Amino acid sequence: MSYFSYQNGNLHAENTPLSTIAQQFGTPTYVYSKAALADHFSAYADACTAGGRDPANTLVCYSVKSNSNLAVLQVLNQLGSGFDIVSGGELLRVLAAGGDPHKVIFSGVGKTRDEMRLALSHDILCFNVESIPELHRLNEVAGEMGKRAAISLRVNPNVDAKTHPYISTGLKDNKFGVAYEDALACYRTAAKLPNIDVTGIDCHIGSQLLDDTPLLEALDKVIELIDQLASEDIHLHHLDIGGGIGITYDDEKPVAVGAYLGRLFARIDAWRNEKYQGVPLKVMFEPGRSIVGNAGILLTEIQYLKYGVSKNFAVVDAAMNDLMRPAMYEAWHGVQTVSQQNPDASSHTYDVVGPICESGDWLARARELAVAEGDLLAFQSAGAYGMTMASNYNTRGRAAEVMVDGDQVHLIRKREEPIALFALESLLP
Ligand SMILES: *Cc1c(COP(=O)(O)O)cnc(C)c1O
């Protein structure tokens, strides 16, 4: 089901016309659908309880970095989500949104002492540790606070996720996690540290995966490690397979979440029955894009149309600072006109570009559009890694964000005023 569709020739978010949102809140504006968020989360939650599986043995930890707006976190929290964070700032967001720190896991290769203290003071569920030095630092910080830190080691299963090199994270020559070959030694070290509780194992092999084969391959390698650890009397309580399921931007056909989880649980259940008398292991997930990516669009207005010798440009009021993915990954986003048809415009091929002084400032290339100045466009699939990657380059205030709930529209982040962007700066005396 699409949450952004034409009704009477006008593109809507649920039951709200996008033109009304543009009138009320201006452009550029990110528009999210609450129903889409809920449905995408349910795909995970439902698969986790299918066949009478005990909900206590699974936890979906939404990846906060994909979209960290407080209202997004609030909706997911109310649906029972946990959270995967990668900074102290993201933990503060989760808490501000009413999230439960006991359902928070902390990933990332560069956790500072301050971030560790903050997370320990809120008794988060688990630190996903990515190196031996981090393990020692965490042991030290926990000791100073008189606490014990629950940890999982992020292992690098060295499987090829077959995705864009910038979003592939499970190969042996990238910065994430500990090498598969070193994992046993790391666990032995961790098990001896006085302020560390070894509770789990995690991996995250990449993003925008269309097929679950690499994920199931990673699972097999993780299972092998868990067995080896058990034979050394290191018993893990959870297995976290990460996020990474892709979405349809253009004509991609990603594996359905339910089908993937079904295969994963079947493999895990068979293994537990064979080797552990059926004693379950808690299974965790860290999805981001597959929950929020197609729950949002970026609404923008055409400022100018420029006709050149070899190219035409539609210059819009959104730019690479609002939606970074095209400039960064050459990502493709669908573009829809908010009015299904403009009878006064003829069709041309345009590059849709922003006003920023960079040739890399494009949002879409070679799109056939029948548009005029002042028309509204919607960039599809912009809910994940859109606003969270936005910047203030060219002293542009970041876009407003709204959440649609049926025919209700809620402003969930005000448009940034340019004057606020330099409020922290000072002139020399
Ligand atoms: C980014 C990230 C995720 C989420 O990835 P998606 O592709 O958005 O599902 C999960 N876990 C970790 C450790 C990440 O860095």
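Note that the coordinates shown come from a computational prediction; the quantities given were computed from them, not determined experimentally.

Basis of the calculations
- Residues numbered from 1 in each chain as written.
- Predicted model: local features only at pLDDT ≥ 70, side-chain atom pairs only at ≥ 80, totals over all residues.
- Heavy atoms only, no water.
- Domains from an automatic or database assignment.
- Contact = heavy atoms within 4.5 Å.
- Buried area = accessible area lost by both parts, 1.4 Å probe.
- Salt bridge = Lys/Arg side-chain N within 4 Å of Asp/Glu carboxyl O.
- Polar contact = N/O pair within 3.5 Å; in protein donor to acceptor, adjacent residues only side chain to side chain.
- Helix = DSSP H or I, 4+ residues; strand = E, 2+ residues; numbered from the N terminus.
- Nonpolar A, V, L, I, M, F, W, Y, C, P; charged D, E, K, R; others polar.
- Near = heavy atom within 4 Å.
- Buried < 20%, exposed > 50% of the residue type's maximum accessible area, 1.4 Å probe, protein only.
- Core = buried A, V, L, I, M, F, W, Y, C linked by side-chain atoms within 4.5 Å.
- Phe/Tyr/Trp six-rings, centres within 6.5 Å; stacked < 30°, edge-to-face > 60°.
- Lys NZ or Arg CZ within 6 Å of the ring centre and 35° of its normal.
- Axes fitted to C-alpha atoms, helices over the stretch in contact; angles between N-to-C directions.
- Parallel < 35°, antiparallel > 145°, perpendicular 65-115°, else oblique.
- Left-handed = near helix turned anticlockwise from the far one by under 90°.
- Expected span 1.5 Å × (residues − 1).
- Pairing = 2+ DSSP bridges.
- Lys, Arg positive; Asp, Glu negative; His and termini not counted.

Enquirer: Quick one: what's the story with the domain arrangement of the chain, residue by residue and with numbers?
Expert: Here the chain is partitioned into domain 1 (4-32 + 293-421) and domain 2 (34-290). Between the C-alpha centres of domain 1 and domain 2 there is a distance of 33 Å. Of the residues lining the interface, 22 residues belong to domain 1; the matching set on domain 2 comes to 24 residues. Between domain 1 and domain 2 the total buried area reaches about 1,900 Å² when both faces are included, carbon and sulfur atoms providing 56% of it. Linking domain 1 with domain 2 are one salt bridge. With a closest N to O distance of 3.6 Å, K34 and D405 form a salt bridge. There are twelve residue pairs in polar contact (both at pLDDT 80 or more) connecting domain 1 and domain 2. For the side of domain 1 that touches domain 2, the secondary-structure elements that each account for two or more residues are α11 (325-329), β20 (400-405) and β21 (408-413). A per-class count over the side of domain 1 that touches domain 2 returns ten nonpolar, seven polar and five charged.

Enquirer: How would you summarise the site of the ligand if you had to cite specific residues and measurements?
Expert: Lining the immediate surroundings of the ligand are 14 residues, of which K65, S207, E286, R289 and Y385 lie closest. In the model, a nitrogen atom of the ligand is placed 3.5 Å from a nitrogen or oxygen of the H204 side chain. Contact distances for the ligand include 2.6 Å between a nitrogen atom and a side-chain N or O atom of E286.

Enquirer: Help me get a handle on the environment of D250, residues and values and all.
Expert: One can find D250 in the loop between β12 (238-240) and α9 (257-275). Owing to a relative accessible area of 42%, D250 belongs among the partly exposed residues under this scheme. Sequence separation of D250 and W332 is 82 residues, and the distance between their C-alpha atoms is 7.3 Å.

Enquirer: How would you summarise the nonpolar core if you had to cite specific residues and measurements?
Expert: In terms of nonpolar packing, the biggest core is built from 121 residues, with L18, V31, F127, I151 and L239 touching the most fellow members. A per-element tally of this core places helix α8 (residues 213-231) first, with ten residues. Counting contributing residues per domain, this core is built from domain 1 (4-32 + 293-421) and domain 2 (34-290), each supplying no fewer than three. Counting five residues, the second-largest nonpolar core is a separate cluster that includes C61, I105, C126 and M284.

Enquirer: Got a sec to walk through the packing of aromatic side chains? Specific residues and values, please.
Expert: If you walk through the whole model with that rule in mind, you get six aromatic pairs. Linked through ring pairs, Y44, F265 and F285 together constitute an aromatic cluster. Across the ring face of W271, the terminal group of R272 is positioned such that the distance to the ring centre comes to 4.7 Å. Over the aromatic face of W362 sits the side chain of R365, whose NZ or CZ is 3.9 Å from the ring centroid.

Enquirer: Explain the pattern of salt bridges residue by residue, including any values.
Expert: Applying the stated rule across the entire model yields 17 salt bridges. Among the salt bridges present, the one from K275 reaches D227, with a minimum N-O distance of 3.1 Å. Taken together, the residues span a long stretch of sequence, with K275 in helix α9 and D227 in helix α8 at a distance of 48 residues. Using a relative accessible area of 44% as the deciding quantity, one classes K275 as partly exposed. What makes D227 buried here is its relative accessible area of 17%. Each of the salt bridges in this network shares a partner with another, and the network as a whole consists of D114, R117 and E144.

Enquirer: I'd like a description of the packing of helix α2 (residues 34-49) against helix α3 (residues 70-78), backed by residues and values.
Expert: If you want to describe how two helices pack, look at the angle between their axes and the distance between the axes. At a closest axis distance of 10 Å, the pairing of α2 and α3 adopts a crossing angle of 45°. When the axis of α2 is compared with that of α3, the two are oblique. For the pair α2 and α3, the sense of crossing is right-handed. In this structure, α2 uses K34, L37 and F41 to contact α3, whose residues at the interface are V72, V75 and L76.

Enquirer: Give me helix α6 (residues 132-144): which residues, what numbers.
Expert: Given a rise of 1.5 Å per residue, 13 residues ought to cover 18 Å, and the 19 Å separating the end C-alpha atoms of α6 matches this to within 8%. Among the residues making up α6, those that are buried are E134, L135, L138, N139, V141 and A142. Here the buried face of α6 lies against α5 (113-121), β8 (126-129), β9 (149-156), α7 (183-192) and β11 (196-202). One side-chain oxygen at the N-terminal end of α6 lies 3.2 Å from the backbone nitrogen of E134; it belongs to S131.

Enquirer: So what's going on with the pairing of strand β2 (residues 10-13)? Residues and values would help.
Expert: Pairing between strand β1 (residues 4-7) and β2: four bridges, direction antiparallel. Pairing of F4 across the sheet is with A13, part of β2. Between the end of β1 and the start of β2, which pair antiparallel, lie two residues, with N8 showing a positive phi angle near 55°. Summarising the sheet, β2 and strand β3 (residues 16-17) pair through two bridges and their orientation is antiparallel. Considered in β3, the bridge of H12 is made with P17. Once β2 ends, the chain turns through two residues before running back antiparallel as β3, passing E14 with a positive phi of about 45°.

Enquirer: I'd love a proper account of the side chain of E401, names of residues and values included.
Expert: Tracing the backbone through its elements, the reader meets E401 in strand β20. Buried within the structure, E401 lacks any salt-bridge partner; R413 is the closest side chain of opposite charge, at an N-O distance of 4.3 Å. A distance of 2.9 Å separates polar atoms of two side chains, one belonging to E401 and the other to N69. Those residues in contact with E401 that sit more than four places away from it in its chain are Y30, Y32, N67, N69, M387, H410, L411, I412 and R413.

Enquirer: Got a sec to walk through the sheet that holds β2? Specific residues and values, please.
Expert: Strand order in this open sheet of three strands is β1-β2-β3, and the pairing throughout is antiparallel. Strands with a single pairing partner mark the edges of an open sheet, and in this sheet they are β1 and β3.

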